[in-house]
Amino acid sequence: MSKMNIITTYRTLMAGGALLSIAAMSLSAGAMAQESAQTGMGDGEIIVTANKREQRISDVGLAITALSGDALKSQHVTTLSDLAATIPGLSYTPSANQTPVYTLRGVGFYESTLAAYPTTSVYLDEVGLPFPALTTHANFDIERVEVLKGPQGTLFGQNSTGGAINFIAAKPTSSFEAGGDLSWGRFNRVEANAYVSGPLSDTVRARLAVTGARSDDWQYSYTRPDKTGAAKYYGARILVDWDATERLSFNLSANAWRDQSDPQAPQYQTLLSQNPATTPQELRDLPFPPHDPRVADWNPDRRDPFADNRMFQGALRANWEVAEDVTLTSITSYADLKVNQGFETDGTIFNNDDFFSVDGRIKSFNQEVRISNSGSAQLRWVVGGNYERSKVNELQANDFSESAFAAVYGFTGGYARSNQKMRNLAAFANLEYDFAERFTVKGGLRYTSAKRTSANCLLGFDDGTLAAAQYGAGAAIMLGYVPIPGYTPTGVVLSPEANGCLSLDNVTSDGTPADYHSGEYHGTLKEDNVAWRVGLDFKPNSNSMIYANIARGYKAGSFPTASAATYEQFLPVKQESLTSYEMGFKLSADDRVWQLEGAAFYYQYSDKQLRSKIIDPLFGVLDSLINVPKARMIGGEMELTLRPVRGLTLGATGSILDSKITRYIGLDTAGNSVDYNGAVIPYTPKYQVRLTGDYNWEMGAVAPFVGFSVSARSKAYSNIGGSKALVVTPDFASSVPVDKSYTLPGYALVDLRGGIAAADGSWRVTLFGKNIFNKYYVTNIYTDYDTIARFAGQPATWGITLSMKTK
C-alpha cells in the first residue's frame, strides 16, 4: 500500500470513528433526557489505575477493558488462555516450554526464550513481572484485571508497545472475611482456592490466599498406549497493609507458586525435511494424527514431558504524603524463577528435535520511585524514575539424533547455553490539565537507557561427541556439503579458546572476514529511547467522553537462546518502535442500563521484531530473530453492555484488524528469497467477537442463575509467510495443503454456566461447560527441524464448583 493510500485509509477510519462517536453521543443525550424506568438496576462502575491513580474507567481517555473478580469467577476464567478469550483484541499463544505469549491488537513477539521481554507488559498491583514466564499464576484471588490497549511506555515503561495487563489482587479487609471454592471437572481435575482476611491490629491488616489444582492426563499417544498432560500446581499470596501514620503507609506482598504440570505435547502436522536424502525412513512412514485435540505424540524412550518450575516474588510499597495532596511512592520488588522441565517439539516418537532437559533461572530486581499530586487538582502530574537489573540463565539439552542433519554430520545433539544480563534506567513524567470545563489535555515522556549482554554457546553432550561433531562439520565443508570458503577443520581437538563451545564464528561486528573458529558468542546491546504520548479528552457530561491520543512506544532488543552451529543465529534484534494514532469514545446511561465504548487506531511499526528464517551453513534453513523494517496496522473495536431488565446482563465485544508488512525481503521455509510486502503479520486474526449473557433471579432465600459465552475469531497465520504460498519441493509430505501449513483456521467456542446461590451471597453452586461442542481448533503452528507441528486447543470440559464465604 502506498503512503498516500495509507493516509487516505487512516483519515477515512478516523472520520468514521468521529461520526460514530457523535451519533452515539446524540443517542446518549436523548436517552438521558428521559426519566429512565430502570433506575437503580445498573452495577457500580469499575475503578482503574491506568494513570497510576484511582479513577473511574469512564474518566480515563484510553481504551481499557476491565473485568471484576466476580466476573472472572462467574465465567470460570482460571487460565491465561481463558483471560485472553474474554478481552477483545487480546490473543494468547502457547509455546512448547509453557512460556505464555500475549498479542494485543496484533502487537506481539513470539519468542519463548526465558530472557525475552514481551510487547504486552504484565503487572500485579503495579509491580512489574518483566518476563512472561513469571506471569503464569498471577490470576487468582483477584479484585479485578485491567487491560490497557495501545503503547503504555510513558507510565509503564518499554516493552508495552501492545499495552499492559494489570492484575489487582484482592486487598486485606478491615473486618474478618474468609471464603473459597472447590471445583471438580473432566479429566478428574480438582481445583481449589481459599482466602482469609482481616485486621491484625488497629493499623495492620492482612490477607492470605492459596490456590492449587491437579488432574489426570488429558492427552494420549496415537501410536501406542501412553498418556500425558496431567496438571499439578499450587501457589500462595500474602498481603500486609500497615498504616504507620496518617501520612505514611506500607503494603507488603509475597507471591509464590510451584508448577509440576506436564507441558502440552504438540501434534505432528507436516514433514519438512532439510535433507530428504538422509531423512529417516521411519519418519517418512509415520502417519499423521487425526484432528482430535487429545491426540499427540512424544518420544517413548525418554521421560514424558515434565516440569517442576518455582517462582517467588516479594514487593514493598510505601506511600508518604509529603505535603498536602502530594504523595511520594516507592515500589521495590524482587522476583526469582527456577525452571526445570523437558518438552516435546517435533510431535513425533523420534528424536528429531526434542528438548529433554531445560534448566533456567530468572533473577529480577526493580525499583520505582515517583511523586504525584492529588487526582482532584486541575493540573495532575506524576514524575518518577525506574531501575531494573535482571539476570537470566538458560541451558537446553537438545537431542536431534534422528534428524536429517545427524546423518550428514554425525552430530546428535548438544546443550544450548545462554547467560544474559539486563540493566534498564528510566525517568518519566506525565501531565493532565483541565484547560476548560469539559476539555483535558495530556502528555507524557519517558527516557530509557537499556544495556543487555549475552553469552551464547552450543556444547556437545561430551568431549568426544563435540570433537567428532566439529571434525565432521569441517570435513563436510571441505567435501562441499556446505559452502563456507576459507574454513579449515580443527580436527578432533578443540582450540583452547573455544571453552567447549562448538558454535562457529561466521559473523563479525566490524565487517572483517570471519575466521570460523569455534567458541562462545558474546554480544552487547546498548540502546536508549524516548517514549511519548499526547492526547485530548472531551467530556460533554459525566456519562460520555471522546478522546484522541498519539503515542510512541518501544520494545527492547533481544538475544535468542538457540542450538546454533554458527554465530549468525545468536545475533540480536534491535529495539522496535510503534507509533499509534487513536480516537475513541465512552458512553453510558445515567443508571448504567447500557454502556458503549469504541476505538479506532492506526499503528506504524519500525523495525518490528519477528521470527523469520536464515540459511545456516551447517543446519540449513533455521528460525532466527529479525527486524522487519516497516509494517502497519489499522483496526477498531467496540464493547456494548446492556441491562434491559433486572438481573439480565448482555455483552457484545468485537474487534477488526488489518495488519500488513510494508517492507521486508526475507526467506521462506525452503530458503527461497521472498518479498513479504503485503504479508499479514503473524498471530493477527482479522475479526474477533465475543457475546455473553447472564441472568439471575431470586426465589426466596436462593437465587438461580444461568449464563453463556460465545467467542469467535477469524483465521490467522503463525508464520511471517503464512499468508503467501509456502514454496516446497516434491520431497515434502504433508497432512494439509502445503500453502496452508501455517494457517490457524478460524473457530467459535461456546461456554455455558448455571447454578444456584444463596440470596445473601454466602454460598454458590455452579455447573459449567467450556467448548461444549468439542470444537477442534489450533492455537499455534511452528517449524521444528524436519517437521511442522501444531498445538490444539482444549477439548470440551465440564465440571461443578462450590463457593462459600463468610464475614
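Every value quoted in this text rests on a predicted model; they were computed, and no experiment measured them.

Before going further, it helps to examine the overall build of the protein. Across its full length, the protein carries 7 helices and 43 strands. Buried residues in the protein amount to 57% of all 807 residues. Long-range contacts, defined as pairs at least 24 residues apart, comprise 69% of the intrachain contacts of the protein with a sequence gap of at least 6. Working note: accessible area of the protein is about 31700 Å², and carbon and sulfur atoms make up 58% of it.

Further remarks concern the confidence of the model for the protein. Mean pLDDT over the protein works out to 84, with 86% of the residues at or above the 70 mark. Scored below 50 in pLDDT, residues 463–497 shows 47 contacts in the model against residues more than four places distant or in partner chains.

On the surface, Lys-338, Lys-363, Arg-389, Lys-391, Lys-421, Lys-451 and Lys-526 cluster together into a positively charged patch. Along the chain, the position of Lys-421 falls in strand S25 (residues 413–433).

This part covers unusual backbone geometry. Working note: non-glycine residues mostly have negative phi, and peptide bonds are mostly trans. The residue His-76 is not glycine, and still its phi comes out positive at about 55°. Mapped onto the elements, His-76 comes out in the loop between helix H2 (69–74) and helix H3 (80–86). On the basis of relative accessibility, which here comes to 14%, the residue His-76 falls in the buried class. In the Ramachandran plot, Phe-187 falls in the positive-phi region, its phi being about 65° despite a non-glycine side chain. If you trace the backbone, Phe-187 turns up in the loop between strand S11 (177–185) and strand S12 (189–199).

This brings us to a negative patch on the surface. Side chains of Glu-282, Asp-285, Asp-301 and Glu-402 sit close together on the surface and give a patch of like negative charge. You can see Glu-282 is positioned in helix H5 (residues 281–285).

Moving on, we come to the sheet that holds strand S18 (residues 267–271). Pairing is antiparallel across the open sheet formed by 3 strands, whose spatial order is S18-S42-S41. Since the sheet does not close on itself, it has two edges, and those belong to S18 and strand S41 (778–783), each with one partner. Adjacent strand axes in the sheet meet at a mean angle of 25°, parallel and antiparallel pairs treated alike. Where S41 and strand S42 (residues 787–792) come together, 5 bridges link them in antiparallel fashion. Each residue of the ladder has a partner; that of Asn-780, found in S42, is Phe-791.

A few words now on the sheet that holds strand S3 (residues 64–68). Read from one edge of the open sheet, 5 strands run S3-S9-S10-S7-S8, paired in mixed fashion. In this open sheet, the two strands that pair with only one neighbour each are S3 and strand S8 (127–129). Strand after strand, the sheet turns through a mean of 20° between neighbouring axes, direction not considered.

This part is about the pairing of strand S43 (residues 797–806). Examined bridge by bridge, S11 and S43 share 8 bridges and lie antiparallel to one another. Bridged to Gly-180 within S43 is Met-804. Strand direction decides the pairing type here: strand S40 (residues 763–770) and S43, joined by 8 bridges, are antiparallel. Considered in S43, the bridge of Arg-764 is made with Ser-803.

Basis of the calculations
Residues numbered from 1 in each chain as written. Predicted model: local features only at pLDDT ≥ 70, side-chain atom pairs only at ≥ 80, totals over all residues. Heavy atoms only, no water. Helix = DSSP H or I, 4+ residues; strand = E, 2+ residues; numbered from the N terminus. Buried < 20%, exposed > 50% of the residue type's maximum accessible area, 1.4 Å probe, protein only. Contact = heavy atoms within 4.5 Å. Areas by Shrake-Rupley, 256 points an atom, 1.4 Å probe, with all protein chains shown as cover. pLDDT = per-residue confidence, 0-100. Patch = residues over 30% accessible without salt bridge, like charges linked within 9 Å, V, L, I, M, F, W, Y side chains within 5 Å. Salt bridge = Lys/Arg side-chain N within 4 Å of Asp/Glu carboxyl O. Lys, Arg positive; Asp, Glu negative; His and termini not counted. Charge placed at Lys NZ, Arg CZ, Asp CG, Glu CD. Pairing = 2+ DSSP bridges. Axes fitted to C-alpha atoms, helices over the stretch in contact; angles between N-to-C directions.

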